[in-house]
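# Inside the fold
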Amino acid sequence: KEDEVDISRISESRHCPRDKIKEFRHVPTFAVPPSCPYVVRSFVKDGEWLGAKFLNRLQNAQGPPSIEYDELSRGNMFTYYDKQRHSTLPASSTYSKKIASSPRQLLNNIKKSRAARFGGPLRQISPYLESEMINTRWAEEARTTWDVRDSPRPTGLWVGGRNTSSASHFDLFANFHVLLSGRKRVSLAPPIDHFKFKFWPAPHPHARQARVEASFETPAITLKEGDAVYVPSGWVHKVIAERVAAAASFTALPPEFQSFEGLVREQVGAMFVDRGWSQVRAIGIIRVYLPAVAKFWLGEDIAQSVLS
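Residues numbered from 1 in each chain as written. Predicted model: local features only at pLDDT ≥ 70, side-chain atom pairs only at ≥ 80, totals over all residues. Heavy atoms only, no water.

The next point concerns the pairing of strand β14 (residues 236–253). Judged by how many residues are buried, β14 sits mostly within the fold: 14 of 18 residues are covered. The sheet contact formed by strand β7 (residues 151–152) and β14 spans two bridges and is antiparallel. Bridge pairing in β14 places S151 opposite L253. Sheet topology places strand β8 (residues 156–160) next to β14; five bridges connect them, and they run antiparallel. Each bridged residue has a counterpart across the sheet, and for G156 the counterpart in β14 is S249. Where strand β10 (residues 169–170) lies against β14, two bridges are found, and the strand directions are antiparallel. Residue pairing across strands places H169 opposite H237, the latter belonging to β14. Strand direction decides the pairing type here: strand β11 (residues 174–189) and β14, joined by 14 bridges, are antiparallel. Bridge pairing links K184 to A241 in β14. (Buried < 20%, exposed > 50% of the residue type's maximum accessible area, 1.4 Å probe, protein only. Helix = DSSP H or I, 4+ residues; strand = E, 2+ residues; numbered from the N terminus. Pairing = 2+ DSSP bridges.)

Next comes the structure, spelled out in structure tokens:
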């Protein structure tokens, strides 16, 4: 029996239930995507896209001659980093970039490595497999979970080795994450809990990643093959692959992202560019302006904890 909480009536994430994540046996229909996460059990019922059959489909897919993936020399927790700022990371970083010559080699390398994963657009592994996937009935249904105003991103694929995990982080987009093979454990926390994780700020290579691996109040959910979880924009999440796992991500940026990006580029940028200010004066103004923006959007108490 599905629990009785009606998340469609919850307009603010801070009011989402904390005792458990809402579960459905089919994709619910919402007038507007909810502020709360939810799980759909047995979302994918087509066995040709699940378990060993999906992994066979993946390794036999026709792909480019070079596929980049991540590997750790120690530990098993992956932290996203901005590739353009990779040179700013400390020399002690455990990350290394590896190259596979085919989808088959990629999958074999991830299985054999102590800690490796691929995460990115599916087309980087095989545009042909991407084309097949997005035309399935379940993928079409996954894309109905977004707000009609959202801007879709390329279909993503995550393939991770046993016991690998992501650092606690949040994304700017909504994510309908579908587990196709393996088993995953997912922990979630609402945006109001951001202060506990002390996230790296936007200019940092580890932007949106936790500096502190804080505890999650809501019990973790376990995803089995065919299950899906909807993660709203801004929700903190940590994902652990309990065994070699492959999942598709259907993501879309909310209209607020485009609006804020436009504000930054067109208005905020205009405030600090071509003014003839000295560097000292510009830095002084930014130091005053950014905290003021944070207080306006987040409220004084949350802004103070984020900026401290």
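Counting 59 residues, the largest nonpolar core has F43, W138, F176 and F250 as the members making the most contacts within it. When residues in this core are grouped by element, the largest group, eight residues, is from β14. By size, the runner-up hydrophobic cluster in this structure holds eight residues, among which are F197, F199, A210 and F216. (Core = buried A, V, L, I, M, F, W, Y, C linked by side-chain atoms within 4.5 Å.)

Put simply, the chain has an average pLDDT of 85, and 81% of its residues get 70 or more. For the chain, the element scoring lowest by mean pLDDT is helix α6 (residues 255–272), at 56; strand β12 (residues 221–223) scores highest, at 98. Per-residue pLDDT stays below 50 along residues 85–92; that stretch engages in 10 contacts with residues further than four places along the chain or on separate chains. (pLDDT = per-residue confidence, 0-100. Contact = heavy atoms within 4.5 Å.)

Time to look at the pairing of β8. By the criterion of burial, β8 is predominantly enclosed, with four of the five residues buried. Alignment of strand β6 (residues 116–121) against β8, held across five bridges, turns out to be antiparallel. Within the sheet, the bridge partner assigned to F118 lies in β8 and is V159.

Before going further, it helps to examine the state of the cysteines. According to the stated counting rule, one finds one disulfide in the structure shown. Two residues share a disulfide in this structure: C16 and C36, whose sulfurs sit 2.0 Å from each other. Between C16 and C36 the sulfur-sulfur dihedral comes to about -95 degrees; the bridge is accordingly left-handed. Note that C16 is positioned in the segment before β1 (22–24) and C36 in the loop between β1 and β2 (38–40), a separation of 20 residues in sequence. (Disulfide = S-S within 2.5 Å.)

The next thing to look at is the environment of F118. Mapped onto the fold, F118 is located in strand β6. Its relative accessible area of 2% is what places F118 among the buried residues. Sequence-wise, F118 and E68 are 50 residues apart; in three dimensions their C-alpha atoms are separated by 7.5 Å. The contact partners of F118, leaving out residues within four places of it in the chain, are I67, E68, Y69, L106, I110, Q124, I125, L157, W158 and V159.

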